[in-house]
Amino acid sequence: MSVVVAVKPSARKRNAKVGRIVFEDGPRHAFESREAAERWADDLSAGDGHVWVAAAHPRDDGDADLYLLSRATNAKLEAAYDKRRRRLRGDADPEQASLESPL
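Conventions adopted
- Residues numbered from 1 in each chain as written.
- Predicted model: local features only at pLDDT ≥ 70, side-chain atom pairs only at ≥ 80, totals over all residues.
- Heavy atoms only, no water.
- Helix = DSSP H or I, 4+ residues; strand = E, 2+ residues; numbered from the N terminus.
- Buried < 20%, exposed > 50% of the residue type's maximum accessible area, 1.4 Å probe, protein only.
- Polar contact = N/O pair within 3.5 Å; in protein donor to acceptor, adjacent residues only side chain to side chain.
- Contact = heavy atoms within 4.5 Å.
- Phe/Tyr/Trp six-rings, centres within 6.5 Å; stacked < 30°, edge-to-face > 60°.
- Pairing = 2+ DSSP bridges.
- Axes fitted to C-alpha atoms, helices over the stretch in contact; angles between N-to-C directions.
- Salt bridge = Lys/Arg side-chain N within 4 Å of Asp/Glu carboxyl O.

Note on placement: Asn-15 falls in the loop between helix 1 (9-14) and helix 2 (16-25). Residue Asn-15 is classed as buried on the basis of its relative accessible area of 0%. Side-chain polar atoms of Asn-15 contact the backbone oxygen of Leu-44, separated by 2.9 Å. Side-chain polar atoms of Asn-15 contact the backbone oxygen of Gly-49, separated by 2.7 Å. Once residues lying within four places of it in the same chain are set aside, the contact partners of Asn-15 are Leu-44, Ser-45, Asp-48, Gly-49 and Val-51.

In structure tokens form, the structure reads like this:
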């Protein structure tokens, strides 16, 4: 029995090794088991962006059993969004304050 892993764009963008593999070998890869696919993901994560495998949705029509995923985030953009959200909310102080407990 083999499992097919489809590489999602988030994994390709976050991890340079994954991007190279997709470029050279395509976005689908077959493994003998889920455990083998998970070891592959662990090897790809070493020293680069973290990637992992997750089961495909049961209603997914594709031939993939698993997806190779990553959380592609940009912390600077997320911080800018938070700052803008506070400003639109009408906060007088644009700096984020921590919660302090009363003495």
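A few words now on the packing of aromatic side chains. For the structure shown, the criterion picks out one aromatic pair. Centroid distance Phe-31 to Trp-40: 4.9 Å. Interplanar angle 45°. Geometry classified as tilted. Each member of the pair, Phe-31 as well as Trp-40, carries the same accessibility label: buried.

For the rest of this paragraph, the subject is the sheet that holds strand 1 (residues 3-7). Reading across from one edge, 2-1-4-3 is the order of the four strands in this open sheet, with mixed pairing throughout. Looking at which strands have only one partner, the edges of the open sheet turn out to be strand 2 (28-31) and strand 3 (52-55). Neighbour-to-neighbour, the strand axes of the sheet open up by a mean angle of 30°, direction not taken into account.

Right, let's get into the pattern of salt bridges. Using the criterion set out here, one finds two salt bridges in the structure. One salt bridge in this structure joins Glu-38 and Arg-34, with 2.9 Å as the shortest N-O distance. Linking Glu-38 with Arg-34, this pair stays in helix 3 (residues 34-45), spanning four residues, or about one helical turn. With a relative accessible area of 32%, Glu-38 lands in the partly exposed category.

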